[in-house]
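Examining the three-dimensional arrangement
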Amino acid sequence: MLCNVKTAVAATLLLFCVGAIHAADAAHAPKTLSVLLTTAETGFDPVVASDLATLNLLENVFDPLLRYDYLARPLILRENTLRAMPRVEDGGRSYTFQLRPGTYFTPDPAFKGVRREVTAQDYVYSLKRLYDPSLKSPWLFLFEDKIVGDAALKGAGFSYDGAVAGLQALDRYTLRIRLTAPDPNFLFYLAMPATGVLAREVVEAYGGQIGNHPVGSGPFMVGEWKRSSKIVLLANPDFRATVFHAGPKVAPRDRALAAALEGRRLPLVDRVEVHIVEEEQARMLGFLKGEFDYLEQVPESLMDMALAGGALKPALAAKGIVLSRFPVLQTYYMWMNMDDPLIGGYSKEKVALRRAIALGYNGAEDIALLKKGLALPAQSPLPPNVLGYDPAYRAPAGYDPALARALLERFGYHLGPDGFRTLPGGKPLTLEMASEPGTSGRLRDELWRRNLTAIGLRVAFKSDKKGEIIKASRLGKVQMYETNWIADFPDGDNFFQLLYGPNSGRANYARFKLPAYDKLYEEARLLPDSPRRRVLYHDMSQLIQAYAPWVLLTHPISADLHQPWLKNYQRHPVEFTAWRYLDVDMAQRAAATRTAR
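Predicted, not measured: the structure shown is a model, and the values here were computed from it.

This next bit is on empty space enclosed by the protein. Evaluated as defined, the whole model comprises three cavities of 30 Å³ or more. Taken as a whole, the largest cavity spans an internal volume of roughly 100 Å³. Lining the largest cavity, in full, are Leu-55, Glu-59, Tyr-68, Trp-139, Ala-191, Met-192, Pro-193, Ala-194, Asp-488, Val-574, Glu-575 and Phe-576. Here the residues of the lining of the largest cavity sort into nine nonpolar, no polar and three charged. In this structure, the second largest cavity spans a volume of roughly 70 Å³. For the lining of the second largest cavity, the secondary structure elements donating two or more residues are strand E17 (430–435), helix H13 (439–454) and strand E19 (480–486). Ranked by residues supplied to the lining of the second largest cavity, first place goes to H13 with four residues. Across the lining of the second largest cavity, the residue classes tally to four nonpolar, two polar and four charged.

Following this line, the structure appears as structure tokens:
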């Protein structure tokens with residue numbers, strides 16, 4: 001063997017041999033995908049979790065009935081644990097689902113050594129959990145009052161054993177759901193992580209700790225879990241045979257990707273190492289050192305590390321790093337608590353205060369300085385490519401600080417001796433905005449401070465982790481907060497429901513309760529994308545801007561980076577991850593990271 005030769009070229013040969021050994025090790029090592037999440041997970045209970053980090057994990061561990069086609073554009077749903085797409089009858093009021101035999105839960109002591117198959121009754125039980133009053137599921141609004149007989153699941157009489165006429169397992173593999181009225185988005189709900197299937201005996205074995213004991217039937221299972229630090233998912237060895245087949249609606253630019261995946265059994269990797277990295281600079285530096293295989297939505301504050309003149313920096317391009325721009329189905333907005341005594345309410349002076357704040361927001365500065373040009377101004381709650389989006393719609397008023405100042409004066413918010421405005425009657429006025437720590441949070445705070453100071457409003461910032469802010473928001477204890485909503489399903493209903501009165505305390509963080517808006521929404525949610533629904537959406541947008549529970553900000557265009565050794569990467573508009581489709585060239589990664597060291 002060359003490795004035993006002792007000659008003048010031994011040093012060179014040694015390097016060669018070391019490289020060969022590393023390559024051999026890489027070839028035999030478990031194929032591992034390395035990714036990051038920007039916030040900590042909250043627990044593995046599908047009906048309870050609503051934070052983005054946990055949803056990323058849930059969709060890889062638990063199985064809803066349906067999922068999206070990976071490459072089809074426009075988006076379409078496909079069967080997941082079903083033999084075929086459901087049979088729809090009675091004008092869209094009845095759905096019959098035939099489960100595919102051979103889907104099994106991962107092993108758990110709760111099964112007492114028995115290999116446990118997923119049945120139709122498991123889906124009945126899992127959907128009933130959404131109604132369990134002890135769980136307070138943030139996803140209940142998707143189903144409440146829509147399933148025939150679901151009134152039996154409400155209140156003190158809730159029971160998992162009670163019969164619900166519209167939710168029945170007809171036999172081991174047949175599930176029937178009947179609705180009180182057609183819902184054009186109903187099948188979208190059945191592709192969400194919240195409707196992933198659980199086994200009743202597992203839930204009952206762990207009780208209130210079920211979120212700490214994930215037992216699903218998806219492509220991955222939890223192998224290691226260090227809370228708020230690292231989660232290792234292992235390919236589920238018992239995952240049903242799932243072979244990728246591209247549908248007929250693959251976009252031309254994705255045909256090569258479809259060909260590369262065709263006929264391959266999923267998932268393609270053995271492990272997914274998930275790291276929680278909340279600090280923005282650590283995410284970027286970790287990616288540049290090869291620690292992570294992709295980085296989605298490069299942080300605003302660090303764009304200059306990756307981009308120059310809107311293009312990937314030459315030094316990164318030379319390493320084979322790939323930049324892709326992705327129009328996220330996402331809306332950034334700043335909501336104001338309509339129940340807050342200072343800023344809330346529907347009186348003329350309170351509406352004037354909120355409208356002035358909206359008029360004082362400098363969207364062009366936000367997009368140019370913070371978003372580095374990678375965003376569109378939000379005219380309505382709907383981002384482009386969502387059903388119901390109207391590209392011709394324009395907000396009735398934009399950035400106009402002079403008008404904002406005039407409006408405040410007109411309704412009694414006069415300037416005091418210190419240059420800041422007082423409440424009508426002369427009492428001090430200080431707004432309080434919740435804020436996230438980190439560079440991007442501080443930059444957003446500074447933009448808001450500058451915008452509000454320009455119209456004479458004083459603002460104080462209260463910093464906390466996003467998860468804590470969301471918890472306080474649901475309790476009505478936050479006055480103002482800039483946040484964003486990413487589509488759970490690709491329809492405008494998913495955005496307009498954020499201001500529906502009955503959703504207050506859940507997705508409606510602004511606690512907006514306007515009968516005129518609710519009436520429009522209730523009509524619109526029963527309609528498919530149509531001229532009538534677009535009229536309703538127009539009128540709802542006008543009411544949002546008239547009463548100003550929100551300041552509409554931007555629709556981001558995400559700058560995503562991925563490493564040259566990552567294969568099949570394509571970001572999906574709705575699903576959170578593509579982990580089951582991704583492949584890793586371990587030898588290429590080993591060579592690249594060794595060179596970097």
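Following the structure, the description resumes.
With that out of the way, let us pick up the pattern of salt bridges. If charged atoms from side chains of opposite charge come close, those side chains can pair. Per the counting criterion, the structure on display carries 40 salt bridges. Residue Lys-146 is joined to Asp-183 by a salt bridge in which the shortest nitrogen-to-oxygen separation is 3.1 Å. Taken together, the positions of Lys-146 in the loop between helix H3 (120–129) and strand E6 (167–171) and Asp-183 in the loop between strand E7 (174–178) and helix H4 (186–189) put the pair 37 residues apart, joining distant regions of the chain. The class for Lys-146 is buried, based on a relative accessible area of 16%. Residue classification places Asp-183 among the buried residues on the basis of a relative accessible area of 7%.

With that settled, the discussion passes to the packing of helix H16 (residues 515–524) against helix H17 (residues 531–547). One way to put it is that H16 packs onto H17 with a least axis distance of 10 Å and a crossing angle of 155 degrees. Taken as axis vectors, H16 and H17 run roughly antiparallel relative to one another. For the pair H16 and H17, the sense of crossing is left-handed. For the pair H16 and H17, contact is made by Ala-516, Tyr-517, Leu-520, Tyr-521, Glu-523 and Ala-524 and by Arg-532, Arg-533, Leu-536, Tyr-537, Asp-539, Met-540, Leu-543 and Ile-544, respectively.

For sheets, the rule is that strands pair by backbone hydrogen bonds, running either parallel or antiparallel. Taken in spatial order, the four strands line up as E1-E10-E9-E8 in an open sheet, and their pairing is mixed. Of all strands in the sheet, those bounded by a partner on one side alone are strand E1 (32–37) and strand E8 (220–226). On average, adjacent strands in this sheet sit at an angle of 20 degrees to one another, irrespective of strand direction. Bridging between E1 and strand E10 (residues 271–276) involves six bridges; their strand directions are parallel. Bridge pairing in E10 links Val-35 to Val-274. This element, helix H2 (residues 52–61), spans E1, E8, strand E9 (230–235) and E10 of the sheet and lies at about 15 degrees to E9.

When the pLDDT values of the protein are averaged, the result is 93; 95% of them are 70 or greater. A low-confidence stretch, residues 1–23 (pLDDT under 50), is modelled with six contacts involving residues beyond four sequence positions or located in other chains.

Along H3, nine of the ten residues are buried, which leaves the element largely enclosed by surrounding structure. The set of residues buried in H3 consists of Ala-120, Asp-122, Tyr-123, Val-124, Tyr-125, Ser-126, Leu-127, Lys-128 and Arg-129. Those residues of H3 that are buried are in contact with E6, E7 and helix H5 (200–206).

The rules behind each value
Residues take numbers from 1 onward in each chain, read along the sequence in its written order. Two thresholds apply to this predicted model, a pLDDT of at least 70 for residue-level local features and 80 or more for giving and counting side-chain atom pairs, whereas whole-chain, interface and lining totals are computed over all residues. Heavy atoms throughout the structure, all of them, feed into the side-chain values; hydrogens and water do not. Cavities and pockets were defined on a 1 Å grid built from protein atoms only: a cavity is a group of points that admits a 1.4 Å probe but offers it no way out, a pocket is an open group of points flanked by protein on both sides within 12 Å along at least five of seven lines, and a lining residue is one with an atom within 4 Å of any such point. Grid points are joined across faces, edges and corners, and a volume is the space filled by probe spheres set on the points. Lys, Arg, Asp and Glu make up the charged group, whereas Ala, Val, Leu, Ile, Met, Phe, Trp, Tyr, Cys and Pro make up the nonpolar group; the residues left over, Gly among them, are polar. Every helix listed is a DSSP run of H or I at least four residues long, and every strand listed is a run of E at least two residues long, numbered separately from the N terminus. When a carboxyl oxygen of Asp or Glu is within 4 Å of a side-chain nitrogen of Lys or Arg, the pair counts as a salt bridge. When a residue's accessible area, from a 1.4 Å probe over protein chains only, is under 20% of the maximum for its type it is buried; when over 50% it is exposed; and in between it is partly exposed. Axis lines are fitted to C-alpha atoms, over the contacting stretch for helices. Their N-to-C directions set the angle, which ranges from 0 to 180 degrees. Our angle categories are set so that under 35 degrees counts as roughly parallel, over 145 as roughly antiparallel, 65 to 115 as roughly perpendicular, and the remainder as oblique. Throughout, a crossing is termed right-handed when the near helix is turned clockwise from the far one, and left-handed when it is turned anticlockwise from it by less than a right angle. Contact criterion: two residues are considered in contact whenever any of their non-hydrogen atoms come within 4.5 Å of each other. Paired strands are those between which DSSP finds at least two bridges. As a per-residue measure, pLDDT tells how confident the predictor is, with possible values from 0 to 100.

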